[in-house]
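# Structural characterization, general
Letter by letter, the chains look like this.
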Amino acid sequence: MLKTKSFEIPKELVWNAFKLVKANKGAAGVDGQSLKDFESNLGNNLYRIWNRMSSGSYFPPPVKAVSIPKKSGGERILGVPTVSDRVAQMVVKLVFEPKVEPHFHEDSYGYRPGRSAHQAIAVTRKRCWWHDWVLEFDIKGLFDNIDHGLLMKAVRHHVDCKWVLLYIERWLTAPMQSQDGCLTERKKGTPQGGVVSPLLANLFLHYAFDRWMATHFPKLPFCRYADDGLVHCRSLKQAHYIKARLAKRMQECCLELHPEKTKIAYCKDVQRQQQYETIQFDFLGYTFRPRRSKDRYGRVFVNFTPGISRTASKAIRQTVRGWRLQLKSEKSIEDLGKMFRSKIGGWLNYYCKFYPSGFYPVARHLNWALVRWATRKFKKLRGHKTRARVWLSKIAKGQPWLFPHWETGFLP
């Protein structure tokens, strides 16, 4: 008699999971195995994952602790799973996500199929025109502090598949391994960097915040992108009340509002002229604040609208400085365009969606970096930055396709 598996998991599901993991790329985990290494023995590696998951004997290895800098300063710890574990997590995600996605709130935008940060920014911009006050909130260390008991209660509410429940519980308690090899036991949280973690975080906040808001304050619009959120209020008094109630609600869910990143802002514009200390807030790399704008008739007025934030602008300039273009004098201008076109294009696509003129300081920094490169590359331009800028300007006008910011009009 043939021995049957404990769980029926189609092999095709594992193959589809691998294709998605490969598309997402990513670094090696604690075993040091890269995607390329994994593919060198792809058939056996995928069979091993399927066999262990189907028999119930799959136990996730520790996740690799990796520190990355935050745009606002400090560091964030990511938990990087191995390639095999990312495939296993993707298998579960492919089954679990369709179960919970239809239940999520329409104003939840983070880590969801068919949803984007630009959509969240667009709806927030419109609501700022209609509501005078905004409560901006940030949940302190969301991924590190999610209560496992409350989370699994939510998971069980939406799925009864035994192997999905089994492996989610095992991933939640998989230890974190630091660079020195030390293992840290985890009794709360879900590692930021895991494939299934964003979905679990969304599910947790669906009940901790989204459903709570819809039940207790159904007339107040909100927007949430992962652990960053906004509530639009009609008055300052109401905003303070919501802030106090939300802080209490987060405590009930074993979470905490970030004291420095949670604040109340007044949406000041040409028609709203009250005096208030805070008249701007940051959301998803954009700063919402009063800005000079033009209507369709060319008339100038003050509008409350988003543009690239100072924090994002500073982070981009730091990245450009890290390229050290002045030391790449062996490269041609065409070489530099090929090397950095994709990165610059990504910045433009994201940060120029709203109030594109706000990107000008970043583009100017890019152009001056190219000017410095030119003064090192060409003897006739050494010590002559003005002459180098004129030379670069001619190149930009004649070959604007070399760099995406030139194509969009940000010329030297």
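First things first, this report covers the structure right here in the doc. (Residues numbered from 1 in each chain as written. Predicted model: local features only at pLDDT ≥ 70, side-chain atom pairs only at ≥ 80, totals over all residues. Heavy atoms only, no water.)

## So, the overall build of the chain
For the chain, the helix and strand inventory stands at 15 helices and 11 strands. For the chain, restricting intrachain contacts to residue pairs at least 6 apart in sequence, the fraction spanning at least 24 positions comes to 67%. (Helix = DSSP H or I, 4+ residues; strand = E, 2+ residues; numbered from the N terminus. Contact = heavy atoms within 4.5 Å.)

## A word on the sheet that holds strand 2 (residues 75-80)
Here we have four strands laid out as an open sheet, ordered 2-1-4-5, and mixed in their pairing. Each edge of the open sheet carries a strand with a single partner, namely strand 2 and strand 5 (183-184). Here strand 4 (residues 176-177) pairs with strand 5 via two bridges, running antiparallel. Looking across to strand 5, one finds that Met176 is bridged to Thr184. (Pairing = 2+ DSSP bridges.)

## Looking at the packing of helix 7 (residues 148-158) against helix 9 (residues 197-216)
Between helix 7 and helix 9, whose axes approach to 10 Å, the crossing angle comes to 95°. Considering their axes alone, helix 7 and helix 9 lie roughly perpendicular with respect to each other. Taking contact as the criterion, the partners of Leu150, Leu151, Ala154, Val155, His157 and His158 in helix 7 are, on helix 9, Leu200, Leu203, Phe204 and Tyr207. (Axes fitted to C-alpha atoms, helices over the stretch in contact; angles between N-to-C directions. Parallel < 35°, antiparallel > 145°, perpendicular 65-115°, else oblique.)

## Some points on the side chain of Ser197
Assignment of secondary structure puts Ser197 in helix 9. The exposure class of Ser197 is buried, given its relative accessible area of 2%. A polar atom in the side chain of Ser197 sits 2.7 Å from the backbone oxygen of Pro191. Beyond its immediate stretch of four places on either side in the chain, Ser197 contacts Phe143, Thr190 and Pro191. (Buried < 20%, exposed > 50% of the residue type's maximum accessible area, 1.4 Å probe, protein only. Polar contact = N/O pair within 3.5 Å; in protein donor to acceptor, adjacent residues only side chain to side chain.)

## A look at the side chain of Glu97
Positionally, Glu97 belongs in helix 4 (residues 83-100). Buried and unpaired, Glu97 has Lys93 as its nearest opposite-charge partner, separated by 4.3 Å. In this view, Glu97 contacts Pro102, Pro113 and Leu199; residues no more than four positions away in its chain are not counted. (Lys, Arg positive; Asp, Glu negative; His and termini not counted. Salt bridge = Lys/Arg side-chain N within 4 Å of Asp/Glu carboxyl O.)

## A look at the pairing of strand 6 (residues 222-225)
Across four bridges, the pairing between strand 6 and strand 7 (residues 228-233) is antiparallel. The residue of strand 7 that forms the bridge with Tyr225 is Asp228. Here strand 6 folds back onto strand 7, and the loop between the two strands holds two residues, one of which, Ala226, carries a positive phi near 55°.

## Description of the packing of aromatic side chains
Taken as a whole, this structure holds 25 aromatic pairs when the rule is applied. The interplanar angle of 80° and the centroid separation of 6.2 Å between the aromatic rings of Phe217 and Tyr241 together place this pair among those described as edge-to-face. Remark: Tyr241 occurs in helix 10 (residues 236-252) and Phe217 occurs in the loop between helix 9 and strand 6; sequence separation between them is 24 residues. Taking 5.8 Å as the distance between ring centres and 55° as the angle between the ring planes, the aromatic pair formed by Phe359 and Phe410 counts as tilted. Of this pair, Phe359 sits in the loop between helix 12 (333-351) and helix 13 (360-377) while Phe410 sits in the segment after helix 15 (404-407), placing them 51 residues apart in sequence. What makes Phe410 buried here is its relative accessible area of 13%. Following the ring pairs from residue to residue traces out a cluster consisting of Tyr286, Tyr350, Tyr351 and Phe354. Positioned over the ring face of Trp50 is Lys11, at 4.7 Å from the centre of the ring. (Phe/Tyr/Trp six-rings, centres within 6.5 Å; stacked < 30°, edge-to-face > 60°. Lys NZ or Arg CZ within 6 Å of the ring centre and 35° of its normal.)

## Let's talk about the environment of Phe204
Here Phe204 is to be found in helix 9. Note on Phe204: relative accessible area 6%, which makes it buried. Residues Phe204 and Lys153 lie 51 residues apart in sequence; the distance between their C-alpha atoms is 9.5 Å. Apart from the residues within four sequence positions on either side, Phe204 is in contact with Ile146, Asp147, Leu150, Leu151, Cys253 and Leu255.

## Observations concerning unusual backbone geometry
One non-glycine residue, Leu284, adopts positive backbone phi at about 55°. Among the structural elements, Leu284 can be located in the loop between strand 9 (281-283) and strand 10 (286-294). Judged by its relative accessible area of 14%, Leu284 is buried. Although it is not a glycine, Arg324 sits at a positive phi angle of roughly 50°.

This is a description of form; function is not addressed.
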